[in-house]
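# Structural overview
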Amino acid sequence: MKKKNPMKKEEIIQKAPKVLLHDHLDGGLRTSTIIELAKEIKYNKLPTNDPAELAEWFFRGANKGNLVEYLQGFEHTIAVMQTKEALERIAFEMMEDMYLDGVCYVETRFSPVFHQSKGLYYEDIVKAVLSGLQKGKEKFGVGYGLIICGMRNMKNTLEMAEIAVNFRKNGVVGFDLAGEEGGYPPKKHLDAFQFIKRENFNITIHAGEAFGKESIWQAIQLCGAHRIGHATRLREDIVYDSNGKIVALGELAQYILDTRMPLEINLLSNVHTGAVDKLENHPFISLYREKFRVFLNTDDRLMSNTTLTNEYLTASDIFGINLDDIEKLNINAMKSSFIPYKERLHYIYNVIKPGYQKIREQLLSLKEF
Ligand SMILES: [Zn+2]
């Protein structure tokens, strides 16, 4: 007699080793921490002091279908991230949350420009975050890399790029361009990208979320991105049949496929910002089936009320991906990480593959999954 699978799908995905490369530190705070820190610094603009209500408030605010409103929730998270102690605590708690979510390696990102309102220097800000990440690694065994973001609507992106490079021996693994996409094309920050390239360092760029394929093209061909955050609107360079299957690729999409350009897909946040109208229309699954180097991410866990487990669970529910797919997607992510090649191999062969094998052995019937 066939035994019933004792593990729920969510539990299986949670246990499976996962890799997260697109997560915003200031978009993933625990609401209980926000409330505690706000009390300490007498910040009284929070809409509520109840953790569950506050979580609900962030999610409601984010889920309005455009990026500008989505970004408004950051006013409160950033307000409580203005001391070294708060930054270190938030980074440490993020590592614990990763551990609880079954993430074996995370690249988190943030921009030091938002953490100076109480007089901290950029170096102190980055050091405090790195210290929290390192303590988290030591306690929870989760690997990490930090990505420094420049903001598209600011002029100091070269300075942010320099900070990223200055901390490359201490856990910073790359540079990102983030923030509102419309009206702020990546090519306006060429000096920052050229600096990173000259230093043989790593670039990822938010592109093709709120703006079209032109933005993705600029990020890759003018700015030298090694990965693209979102790339949702690459669909504009792809011809689909009536079933949503890819029938032809434009030159940019073909280039991205052929060069194995990693695409950091964020399913739920794309719905919340309006980059897609509904999950069923997300290009993720067709890109994956066509063998693009894609993998799933969380973007802003607090605003999008999500975890990496939840993103993979959602993809499994909506697109029917199974455990083998989830393993493959996480190997795609690890291959795309900004840590040295040998370390990537270590995670793939000593952590990810054995982790999925162990789960398969535990499962009595894969068919049910
Ligand atoms: Zn993002």
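Everything here concerns the structure above.
Report follows, based on the coordinates. (Residues numbered from 1 in each chain as written. Predicted model: local features only at pLDDT ≥ 70, side-chain atom pairs only at ≥ 80, totals over all residues. Heavy atoms only, no water.)

### Points about the environment of F59
Here is the rule: Only DSSP runs of H or I covering at least 4 residues are called helices, and only runs of E covering at least 2 are called strands; the numbering of each starts at the N terminus. Per-residue accessibility, obtained with a 1.4 Å probe over protein chains only, is compared with the maximum for each type, and a residue is labelled buried under 20%, exposed over 50%, and partly exposed between these values. Whether two residues are in contact is decided by their heavy atoms, any of which lying within 4.5 Å being enough.
For F59, the position within the fold is in helix 3 (residues 51–62). The class of F59 is partly exposed, set by a relative accessible area of 23%. Look past the residues within four positions of F59 in its chain and what remains in contact with it is H272, M303, S304 and N305.

### Topic: helix 11 (residues 251–258)
Cut-off, in case you're wondering: Along the arc lie the directions from the helix axis toward the C-beta atoms.
Turning to helix 11, its buried residues are L252, A253, I256 and L257. All buried residues of helix 11 fall inside an arc of 135° around its axis, so they share one side. Counted as exposed and oriented over 90 degrees from the buried face of helix 11: E251 and D258. Considering only its buried residues, helix 11 is in contact with helix 10 (213–222), strand 7 (238–240), strand 8 (246–249) and strand 9 (263–265).

### Some details on the pairing of strand 5 (residues 203–207)
Formally: Orient the strands so they point away from the viewer, and a crossover whose first-strand-to-second-strand path over the helix runs clockwise is right-handed.
Along strand 5, 5 of the 5 residues are buried, which leaves the element largely enclosed by surrounding structure. Where burial is concerned, the two faces of strand 5 agree: the one with I203, I205 and A207 and the one with T204 and H206 are both buried. Handedness of the crossover is the feature at issue here: the chain leaves strand 4 (residues 172–178), passes through helix 9 (residues 190–198), returns alongside strand 5, and the resulting connection is right-handed. Once the chain exits strand 5 it traverses helix 10 before rejoining the sheet at strand 6 (residues 227–230), and the crossover so formed is right-handed.

### Observations regarding the side chain of E264
Put simply, the rule is: Two N or O atoms count as a polar contact when they lie within 3.5 Å, although within protein this holds only if one can serve as hydrogen donor and the other as acceptor, and sequence-adjacent residues are included solely when both atoms are side-chain atoms.
Looking at the element boundaries, E264 is found in strand 9. At 3.1 Å, the side chain of E264 forms a polar contact with the side chain of R109. If sequence neighbours within four positions are ignored, E264 has contacts with H22, R109, T204, R227, I228, G229, H230, F295 and N297.

### Re the coordination of the zinc ion
Around a metal, the ideal angle is 109.5 degrees if four donors adopt a tetrahedral arrangement and 90 or 180 degrees if six donors adopt an octahedral arrangement. Threshold: Only nitrogen, oxygen and sulfur atoms qualify as donors, provided they sit within 2.8 Å of the metal or within 3.2 Å for Na, K and Ca; with water excluded from the atoms, sites may seem incomplete. In these descriptions, tetrahedral denotes four donors with every angle between 85 and 135 degrees, square planar four donors and octahedral six donors with opposite donors over 155 degrees apart and the rest between 65 and 115, and irregular any other case.
Listed as protein donors to the zinc ion are H22 (NE2), H24 (NE2), H206 (NE2) and D299 (OD); their distances from the metal cover 2.1 to 2.2 Å. Coordination at the zinc ion is irregular: its 4 donor atoms span angles of 85 to 169° at the metal. The buried category is assigned to H24, whose relative accessible area is 10%.

### Notes on the nonpolar core
Formally: Among buried residues, the Ala, Val, Leu, Ile, Met, Phe, Trp, Tyr and Cys ones that are joined through side-chain atoms within 4.5 Å form a nonpolar core.
One finds I228, L234, L263 and F284 to be the most contacted residues of the largest nonpolar core, which totals 123 residues. Setting aside residues no more than four positions away along its own chain, I228 makes contact with T204, I205, A207, I216, A219, I220, M261, P262, L263 and E264.

### Observations regarding the packing of helix 8 (residues 157–166) against helix 9
The line we're drawing: Every angle, taken between N-to-C directions, lies between 0 and 180 degrees, and every axis is a line fitted to C-alpha atoms, over only the stretch in contact when it is a helix. Oblique is the label for any angle not covered by the other classes, which are roughly parallel (under 35 degrees), roughly antiparallel (over 145) and roughly perpendicular (65 to 115). Handedness of each helix crossing follows the sense of rotation of the near helix against the far helix: counterclockwise by less than a right angle gives left-handed, clockwise gives right-handed. In this classification, Asp, Glu, Lys and Arg are treated as charged, Ala, Val, Leu, Ile, Met, Phe, Trp, Tyr, Cys and Pro as nonpolar, and every other residue, Gly included, as polar.
Here helix 8 crosses helix 9 at 20°, and the two axes come no closer than 7 Å. On the basis of the axis angle, helix 8 is roughly parallel to helix 9. Remark: the crossing between helix 8 and helix 9 carries right-handed chirality. On helix 9, the residues touching T157, L158, A161, E162 and V165 of helix 8 are D191, A192, F195 and I196. Its residues assigned to classes, the contact of helix 8 with helix 9 shows 6 nonpolar, 1 polar and 2 charged.

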